[in-house]
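# Chains, contacts and geometry: an overview
Each chain, letter by letter, is given below.
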Amino acid sequence: MKWLCEGVYSYLESSYLRSNSCQTGLIPLFFLYMKPFLILQLRKNDLVSKGEFDAILKYGDMSLENVVRMRMDSDELTEINLEDYSGIIVGGGPWNVSDAQEKKSERQLAAEAWLSEILKRIVAEDFPYFGACYGLGLLAREHGGHVSKEKYGEPAGSVTINLKPEAQEDPLLSGLPNTFTAFTGHKEACQELPDDAVWLASSEICPYNIFRIGKNVYTTQFHPELDNVGVCNRIDVYKNEGYFPPEEAESLKERCRKEEISVPMEILRRFVDKYK
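Definitions and cut-offs
Residues numbered from 1 in each chain as written. Predicted model: local features only at pLDDT ≥ 70, side-chain atom pairs only at ≥ 80, totals over all residues. Heavy atoms only, no water. Helix = DSSP H or I, 4+ residues; strand = E, 2+ residues; numbered from the N terminus. Buried < 20%, exposed > 50% of the residue type's maximum accessible area, 1.4 Å probe, protein only. Contact = heavy atoms within 4.5 Å. Areas by Shrake-Rupley, 256 points an atom, 1.4 Å probe, with all protein chains shown as cover. Pairing = 2+ DSSP bridges. 1 Å grid on protein atoms, 1.4 Å probe; cavity = no way out; pocket = protein on both sides within 12 Å on 5 of 7 lines; lining within 4 Å. Points joined across faces, edges and corners; volume = space filled by probe spheres on them. Axes fitted to C-alpha atoms, helices over the stretch in contact; angles between N-to-C directions. Parallel < 35°, antiparallel > 145°, perpendicular 65-115°, else oblique. Left-handed = near helix turned anticlockwise from the far one by under 90°. Phe/Tyr/Trp six-rings, centres within 6.5 Å; stacked < 30°, edge-to-face > 60°. Lys NZ or Arg CZ within 6 Å of the ring centre and 35° of its normal. pLDDT = per-residue confidence, 0-100.

### As for the overall build of the chain
- Across its full length, the chain carries 9 helices and 11 strands.
- Counting across all 276 residues of the chain, residues that qualify as buried make up 50%.
- Sequence separation of at least 24 residues holds for 72% of the intrachain contacts in the chain that already meet a minimum separation of 6.
- When the accessible surface of the chain is totalled, it reaches about 13700 Å², and 51% of it is carbon and sulfur.

Listed below in structure tokens is the structure:
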């Protein structure tokens, strides 16, 4: 479908360049229209939810007119037509896909069932997708990988990400530094990749920090939108949620303030730029 759309666009563009409109400076509407990105969130806390959303807009170089926001923790879970969007971005949050069903809230169960069906279509159509943290876990589970709290969990804070050789051939990662710093914090992790996943990056503790399925389905265990201010806000909100000893919150924030984080944001920007 993408190649067909690009072919139609090229034809319209060439026709425009030959037309009188080009000479008079008029811009046709098909040049101005961009399908929005659908941003799916699951953070119940309004402060961190808005912070995540604003950061995705900022570092994805998008405006409110370029996106549709849906909070899976509270909004109505409506039917999603993939053709209405340029791509889908799923953020992180306190839900764990590997928790026992009886430990999950009714809302989490409903949202996971809803998103799982969308993910099946995303993979089948190789539709542009960027899933961070929870967005990685659910995709991995639904596509045959194994996700649990057995090992590879990382405490909240900064980690060093190491790109695999395969990353140099990937359009989102090629030319980036082989190692860079990102903010993370997760209790569960992918223990085994889906069979057809392309393994792109690891950290010292968590091997599966970036992987891709097909050509257009991306996931990161770290948070590509998370900057120094955002991570400090999350430390305050989640300090009693088991991500780190609560008495270490202030020292953790002090360490995070000193980090220079830029490459994760560049990856997010490249995703948006590639599929807009």
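### Remarks on the pairing of strand β6 (residues 154-163)
- Here 7 bridges tie β6 to strand β7 (residues 179-186), and the two strands are oriented antiparallel to one another. Along β7, the bridge assignment pairs Val-159 with Ala-182.

### Topic: empty space enclosed by the protein
- Scanning all chains against the criterion turns up 3 cavities of 30 Å³ or more.
- Within this model, the largest cavity holds a volume of roughly 190 Å³.
- Residue lining of the largest cavity: 14 residues in total, with Ala-156, Gly-185, His-223, Arg-234 and Tyr-238 positioned closest to the centre.
- Among the secondary structure elements, those contributing two or more residues to the lining of the largest cavity are β7 and α7 (228-238).

### A short note on the sheet that holds β6
- Strand order across the open sheet formed by 9 strands is β2-β1-β3-β4-β11-β10-β9-β6-β7, with mixed pairing between neighbours. Because the sheet does not close on itself, it has two edges, and the strands there are β2 (67-71) and β7. Each adjacent strand pair in this sheet contributes to an overall mean axis angle of 25 degrees, direction not counted.
- Bridge analysis of strand β1 (residues 37-41) against strand β3 (residues 87-90) gives 4 bridges, and the strand direction is parallel. Its bridge partner lying in β3, Phe-37 is registered against Gly-87.
- Across the sheet, helix α5 (residues 106-125) is in contact with β1, β2, β3, β4 (129-132), β10 (210-213) and β11 (217-220); its angle to β3 comes to roughly 145 degrees.

### Brief notes about the environment of Cys-232
- Within the secondary structure, Cys-232 sits in helix α7.
- When the C-alpha positions of Cys-232 and Gly-157 are compared, they lie 9.5 Å apart, and in sequence the two are 75 residues distant.
- Apart from residues lying up to four places away in sequence, Cys-232 is in contact with Lys-253 and Arg-257.

### Looking at the packing of helix α4 (residues 46-59) against α7
- Where α4 contacts α7, the axes come no closer than 10 Å and their chain directions differ by 160 degrees. The pairing of α4 with α7 is recorded here as roughly antiparallel in orientation. Where α4 crosses over α7, the two elements pack in a sense that is left-handed. Along its contact with α4, which presents Leu-47, Val-48 and Glu-52, the element α7 presents Asn-233, Arg-234, Val-237 and Tyr-238.

### Quick look at the side chain of Asn-209
- With respect to the helices and strands, the residue Asn-209 is situated in the loop between β9 (197-202) and β10.
- In this view, Asn-209 contacts Leu-136, Glu-154, Ile-161, Ala-201, Ser-202, Ser-203, Thr-219, Thr-220, Gln-221 and Phe-222; residues no more than four positions away in its chain are not counted.

### Remarks on α7
- The set of residues buried in α7 consists of Gly-230, Val-231, Cys-232, Arg-234, Ile-235 and Tyr-238.
- Contacts made by the buried residues of α7 are with α4, β7 and α8 (249-257).

### Topic: unusual backbone geometry
- One non-glycine residue, Asp-61, lies in the positive phi region at around 55 degrees.
- Mapped onto the elements of the fold, Asp-61 is located in the loop between α4 and β2.
- Of the residues examined, Asp-61 reaches a relative accessible area of 62% and is grouped as exposed.

### With respect to the packing of aromatic side chains
- Evaluated as defined, the whole model comprises 9 aromatic pairs.
- Consider the rings of Tyr-238 and Tyr-243, whose centres lie 6.0 Å apart with planes at 55 degrees: the pair is tilted.
- One Lys or Arg, Lys-187, reaches over the ring of Tyr-243 and ends 4.7 Å from the middle of that ring.

### Notes on the side chain of Ser-202
- By the element assignment, Ser-202 lies in strand β9.
- Contacts of Ser-202, omitting those with residues within four sequence positions, involve Thr-160, Ile-161, Asn-162, Lys-164, Pro-207 and Asn-209.

### Quick word on the confidence of the model for the chain
- Looking at the chain as a whole, its pLDDT mean stands at 91, while 88% of the residues score no less than 70.
- Low pLDDT, under 50, characterises residues 1-27; the stretch is placed with 18 contacts to residues that sit more than four places away or in other chains.

### Overview of helix α6 (residues 134-142)
- Judged by how many residues are buried, α6 sits mostly within the fold: 7 of 9 residues are covered.
- What α6 keeps buried is the set Tyr-134, Gly-135, Leu-136, Gly-137, Leu-138, Leu-139 and Ala-140.
- Once α6 ends, the next one or two residues include Gly-144, with phi positive near 100 degrees.

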